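Examining the three-dimensional arrangement
These are the residues of each chain, in order.
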2 protein chains.
Amino acid sequence: AIRYLSKRRQERIRFVGDLLRQEDFDLVLLQEVWSERDYSDLKVKLGACYPFSHYFRSGVIGSGLCVFSRFPILDTLLYQYSLNGYPYMLQHGDWFCGKSVGLVIIKISGIIFNIYVTHLHAEYCREKDAYLPHRLVQAWELAQFIRHTSKAADVVLLGGDLNMHPEDVGIRLLRGWTGLQDAFAEAAHFEGCEDGCTLVPNNCFTDKSELLPFPLGIRIDYILYKAISSFMIKCEELKTTTGAAPGMDVPFSDHEAVMATLHIQRQGQAAGATLATGEPMLADVVTEARTEVGVGLQAAQQQRYSSGRMALLALLLLLLQAMAALGVLAGLDAGQPFPKLSFCLLAFLAIGILLLATGLHLFHTMEVKMLHSTEEQMRMVLQMLQEHP
Amino acid sequence: AIRYLSKRRQERIRFVGDLLRQEDFDLVLLQEVWSERDYSDLKVKLGACYPFSHYFRSGVIGSGLCVFSRFPILDTLLYQYSLNGYPYMLQHGDWFCGKSVGLVIIKISGIIFNIYVTHLHAEYCREKDAYLPHRLVQAWELAQFIRHTSKAADVVLLGGDLNMHPEDVGIRLLRGWTGLQDAFAEAAHFEGCEDGCTLVPNNCFTDKSELLPFPLGIRIDYILYKAISSFMIKCEELKTTTGAAPGMDVPFSDHEAVMATLHIQRQGQAAGATLATGEPMLADVVTEARTEVGVGLQAAQQQRYSSGRMALLALLLLLLQAMAALGVLAGLDAGQPFPKLSFCLLAFLAIGILLLATGLHLFHTMEVKMLHSTEEQMRMVLQMLQEHP
């Protein structure tokens, strides 16, 4: 729902509001509500059924994340991912959203729920996914954020657009390192798009060419959960929307919504295990992710080097021009003077390149730092897994 | 310790290493170790007494934060503050450091320690502190980060350069909202600079004019702590360095180091209270902080508006020039043609202003978002404090 750009935005936001009011969920996690005005409209409309809500502000545009709840929101926290694409990739606006994970804490019947909502960097080209290292850093930071902030929670829920297929390394890393389970895989009963897909070709807002290799569509929106301490959680039913509702000629969104009915029960004895997958398997996943982050690190180092060299060349050109200008002023240059206009144009060009290349160099320096840091954290975890299997 | 800029840097890093080796602490939290090479040198030197360490990478330059420990580091997490000065304030390099709070988790005799190290935005002019709203947002985010990540910890320790005097609103907010206690105020025995000051006038690296109103110096570096669940913590002794050590002609740093001996004891019964100050007082502090953040919000909105207007004017000028150029090309302009050189210079100037003003506008939009978001969080907390006193 991008203002001025998205087609029939206000109408669809109205439809979403109608659906939410009609279904009367306990909890709603929305992504890509880019306009705060849309959030305010929803808030007014949903005030009666969802008296509690929170909008997470971030970046230039906003994180797009918001939560509506039937139960009081006790506390919130936002964590902005350290890497999120490139500001100069204007056609891929991800950088401007300041993509983040939002946490809200609620309590239902004495059970503490840590609820996370997030939206990871989009995948624009699956064959040559330049953003894979960034998305992996995000998946890692998401897992770390959940692990560190959920220690007092009874139940952890994560919902959002993860922009990863179920078998992708990022989601295996996230699930393995947090112990979260996939509601779709665990659901006792499922109803909706085949294979639980949430980006399907017959939605009029999806890019058909991207989905050619996936005739059924892809599943990139998830509800993940785990119960810690002495609770048991299972997914009784999972549903997705299937395009437009009856009487509507346009689907709610380019993604299908995921809706889960969860059953949570107090257990006699405390469950000890928090990691769902076996740790030897986890080590493989972390190794795989670390390799991909390493590839991204090399690319970022190369870009840092190229932009630094470009800035130096521009500086050199400027210095040469300054010397030439000084030479003319001092009357040392006996030959034909350089045409003024071209001289000025060249100087401006050099200044422009110097500024741009310096900016790029700084940006890629930060990128290298964060990729390096993630790679090292993964190395630490691998070492730990090997030492204490 | 800034490479190429700080005086006698390597020598002083060597002195710091010697002191740390000689004192044989359990835990060392360092700030402003800007160069990763300095960290590596320290790591090699201290390997025998502090076998575990972590360096937090962030921003363009780095967070400057690192930890050396005698006990294994079980886990780490970095949270980068959402506001940290302005990239165009090159003389105040704060923005380039990506200031952050680092968390390391260690376990000593079965007691889980959450240890936080941080360095907040510097105060360059106390009378007219333009960075106060940013520092308050940082203090708030620091408090929120500690609250959300320390729920499973037995003991919480925070050490760092907070750039706030003990009575400043930011430190009252931090202490009130986390329940952290000030080791200096609690210490049974103190030794060091008068009043526990850590930035003192007779240190040769400090700016004497800044310290004129404070003849003894100021206390801006802290060790704060609290014990949760069933532990009791007290500060047996607090010490600061006092300039150069015997035999040295130069102090270790521009700040004096703070060293605490803490006594931690298991208690029979669980202590319930986590907030140190009474909540009515806390409400006052949050209100005061919120007012300051509101002042910052207004300034940021003003700057966002000015830069947006400037960008529009530059765009208008460019459009006018384009029209004039087209007019000349079409032979419509019968009068004296505008001199080519001035025309080009003007166009470049307009492009330059357009780019700069657009960048500024985007930056201040983000600033407004984060100030607004913090203000709203504070409002939520105030409401909560009033409803459940």
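Residues numbered from 1 in each chain as written. Chains lettered and ligands numbered in written order. Predicted model: local features only at pLDDT ≥ 70, side-chain atom pairs only at ≥ 80, totals over all residues. Heavy atoms only, no water.

**Remarks on the interface of chain A and chain B**
Chain A puts 40 residues into the contact, and the matching count from chain B is 41 residues. Ranking the residues of chain A by area buried against chain B places A:Arg57, A:His148 and A:Lys369 at the top, with a combined share of 19%. At the junction of chain A with chain B, the criterion picks out four salt bridges. Note that B:Arg57 and A:Glu376 form a salt bridge whose closest N and O atoms lie 3.2 Å from each other. Taken together, the links from chain A to chain B amount to 16 residue pairs in polar contact (both at pLDDT 80 or more). When contributions to the side of chain A that touches chain B are tallied by element, the ones reaching two or more residues are β4 (73-80), α3 (94-97), β5 (100-108), α4 (132-149) and α8 (340-387) of chain A. Class assignment of the residues belonging to the side of chain A that touches chain B gives a composition of 21 nonpolar, 12 polar and seven charged. (Contact = heavy atoms within 4.5 Å. Buried area = accessible area lost by both parts, 1.4 Å probe. Salt bridge = Lys/Arg side-chain N within 4 Å of Asp/Glu carboxyl O. Polar contact = N/O pair within 3.5 Å; in protein donor to acceptor, adjacent residues only side chain to side chain. Helix = DSSP H or I, 4+ residues; strand = E, 2+ residues; numbered from the N terminus. Nonpolar A, V, L, I, M, F, W, Y, C, P; charged D, E, K, R; others polar.)

**Observations regarding the domain arrangement of chain A**
All names here are of chain A. Domain parsing of chain A yields domain 1 (9-266) and domain 2 (278-329 + 337-387). The gap between the C-alpha centroids of domain 1 and domain 2 is 33 Å. Counting from both sides, the interface comprises 19 residues of domain 1 and, opposite them, 20 residues of domain 2. Summed over both partners, the interface of domain 1 with domain 2 comes to about 1700 Å²; 77% of that surface belongs to carbon and sulfur atoms. Across the salt bridge formed by Arg-172 and Glu-288, the nearest N and O atoms sit 3.0 Å from each other. Across the domain 1-domain 2 interface, the total number found is six residue pairs in polar contact (both at pLDDT 80 or more). Put simply, the parts of the chain that give the side of domain 1 that touches domain 2 at least two residues each are α4 and α5 (169-178). (Domains from an automatic or database assignment.)

**Structural notes on the nonpolar core**
Counting 140 residues, the largest nonpolar core has A:Leu162 and B:Leu162 as its most contacted members. With sequence-adjacent residues up to four places away left out, B:Leu162 is seen in contact with B:Thr118, B:Leu120, B:Arg135, B:Leu142, B:Ile171, B:Leu174, B:Ile220, B:Tyr222 and B:Leu224. (Core = buried A, V, L, I, M, F, W, Y, C linked by side-chain atoms within 4.5 Å. Buried < 20%, exposed > 50% of the residue type's maximum accessible area, 1.4 Å probe, protein only.)

**A few points about the side chain of A:Lys99**
Residue and element names in this part refer to chain A. With respect to the helices and strands, Lys-99 occurs in the loop between α3 and β5. Overall, the relative accessible area of 3% leaves Lys-99 in the buried class. If we ignore the near neighbours within four places in the chain, the residues touching Lys-99 are Trp-34, Gln-80, Tyr-81, Asn-84, Asp-94, His-119, Leu-120, His-121, Ala-122 and Gln-138.

**Quick word on the relation of the copies chain A and chain B**
Mapping chain A onto chain B leaves a residual RMSD of 0.0 Å; the transformation is a rotation of 180° accompanied by 0.0 Å of translation along its axis. These values place the two chain copies in the arrangement generated by a two-fold rotation axis. Taking the C-alpha atom as reference, chain A places A:Thr149 closest to the rotation axis, 2.3 Å from it. Most of the interface of chain A is mirrored in chain B, where 100% of its interface residues again form contacts. (Least-squares fit on C-alpha atoms with pLDDT ≥ 70 in both.)

**Observations concerning the pairing of strand β11 (residues 231-240) of chain A**
Residues and elements named next belong to chain A. Of the strand pairs in this sheet, strand β9 (residues 189-191) and β11 are connected by three bridges, and their pairing is parallel. When the bridges of β11 are listed, Phe-190 appears paired with Leu-238. Pairing geometry for β11 and strand β12 (residues 258-266), over nine bridges, is antiparallel. Note that in β12 the partner of Phe-231 across the bridge is Arg-266. (Pairing = 2+ DSSP bridges.)

**Thoughts on the sheet that holds β9(A)**
All names here are of chain A. Strand order in the open sheet formed by three strands is β9-β11-β12, and the pairing between neighbours is mixed. At either end of the open sheet lies a strand with only one pairing partner, and these are β9 and β12. Adjacent strand axes in the sheet meet at a mean angle of 20°, parallel and antiparallel pairs treated alike. (Axes fitted to C-alpha atoms, helices over the stretch in contact; angles between N-to-C directions.)

**Looking at the pattern of salt bridges**
Close approach of charged atoms allows side chains of opposite charge to pair. Per the counting criterion, the structure on display carries 32 salt bridges over all chains. With a shortest N-O distance of 2.9 Å, B:Arg8 and B:Asp249 are connected by a salt bridge. Highlighted residues: B:Arg8 in the segment before α1 (9-23) and B:Asp249 in the loop between β11 (231-240) and β12 (258-266), separated in sequence by 241 residues. Assessed through its relative accessible area of 37%, B:Arg8 is described here as partly exposed. The network of salt bridges with shared partners includes A:Arg8, A:Glu11 and A:Asp249.

**A closer look at the packing of helix α4 (residues 132-149) of chain B against helix α8 (residues 340-387) of chain B**
Residue and element names in this part refer to chain B. In contact at an axis separation of 11 Å, α4 and α8 are set at 55° when each is read in the N-to-C sense. Our classification of the angle between α4 and α8 gives oblique. Considering only the axes of α4 and α8, their crossing is left-handed. Contacts between α4 and α8 involve Pro-133, His-134, Val-137, Trp-140 and Gln-144 from the former and Glu-367, Leu-371, Thr-374, Gln-377, Met-378 and Val-381 from the latter. (Parallel < 35°, antiparallel > 145°, perpendicular 65-115°, else oblique. Left-handed = near helix turned anticlockwise from the far one by under 90°.)

**Comments concerning the sheet that holds strand β7 (residues 155-161) of chain A**
Residue and element names in this part refer to chain A. The strand order across the open sheet built from six strands is β4-β5-β6-β7-β10-β8, with neighbouring strands paired in mixed fashion. Only two strands of the sheet have a single partner each, and these edge strands are β4 and β8 (181-182). Relative to strand β10 (residues 221-227), β7 runs antiparallel, the two being bridged by seven bridges. For Gly-159, the partnering residue across the bridge sits in β10 and is Ile-223.

**As for the confidence of the model for chain A**
Of the residues in chain A, 95% reach a pLDDT of 70 or more, and the chain-wide mean stands at 91. For this predicted complex, the interface score ipTM comes out at 0.91, alongside a pTM of 0.93. (pLDDT = per-residue confidence, 0-100.)

**Describing the side chain of B:Ser100**
Residue and element names in this part refer to chain B. Within the secondary structure, Ser-100 is located in strand β5 (residues 100-108). With a relative accessible area of 1%, Ser-100 lands in the buried category. Engagement of the side chain of Ser-100 in a polar contact is seen with the side chain of Ser-58, the distance being 3.2 Å. If we ignore the near neighbours within four places in the chain, the residues touching Ser-100 are Ser-58, Ser-63, Leu-65, Leu-78, Tyr-79, Gln-80, Tyr-81, Val-117, Thr-118 and His-119.

**Re the state of the cysteines**
In protein chemistry, a disulfide is the covalent bond that joins the sulfur atoms of two cysteines. Using the criterion set out here, one finds zero disulfides over all chains in the structure. Take A:Cys125: it sits in no disulfide, and the sulfur closest to it among the cysteines is that of A:Cys197, at 20 Å. Note on B:Cys193: no disulfide assigned, nearest cysteine sulfur contributed by B:Cys197 at a separation of 7.1 Å. Taking the relative accessible area as the measure of exposure, B:Cys193 reaches 12% and is therefore buried. (Disulfide = S-S within 2.5 Å.)

**Things to note about a nonpolar patch on the surface**
Residues and elements named next belong to chain A. Residues Met-310, Leu-317, Phe-338, Leu-346, Leu-349 and Ile-353 make up a contiguous nonpolar surface patch of roughly 510 Å² in combined accessible area. Examining the composition of the nonpolar patch, we find that three residues originate from one element, α8, more than from any other. Assignment of secondary structure puts Leu-349 in helix α8. Using a relative accessible area of 49% as the deciding quantity, one classes Leu-349 as partly exposed. (Patch = residues over 30% accessible without salt bridge, like charges linked within 9 Å, V, L, I, M, F, W, Y side chains within 5 Å. Areas by Shrake-Rupley, 256 points an atom, 1.4 Å probe, with all protein chains shown as cover.)

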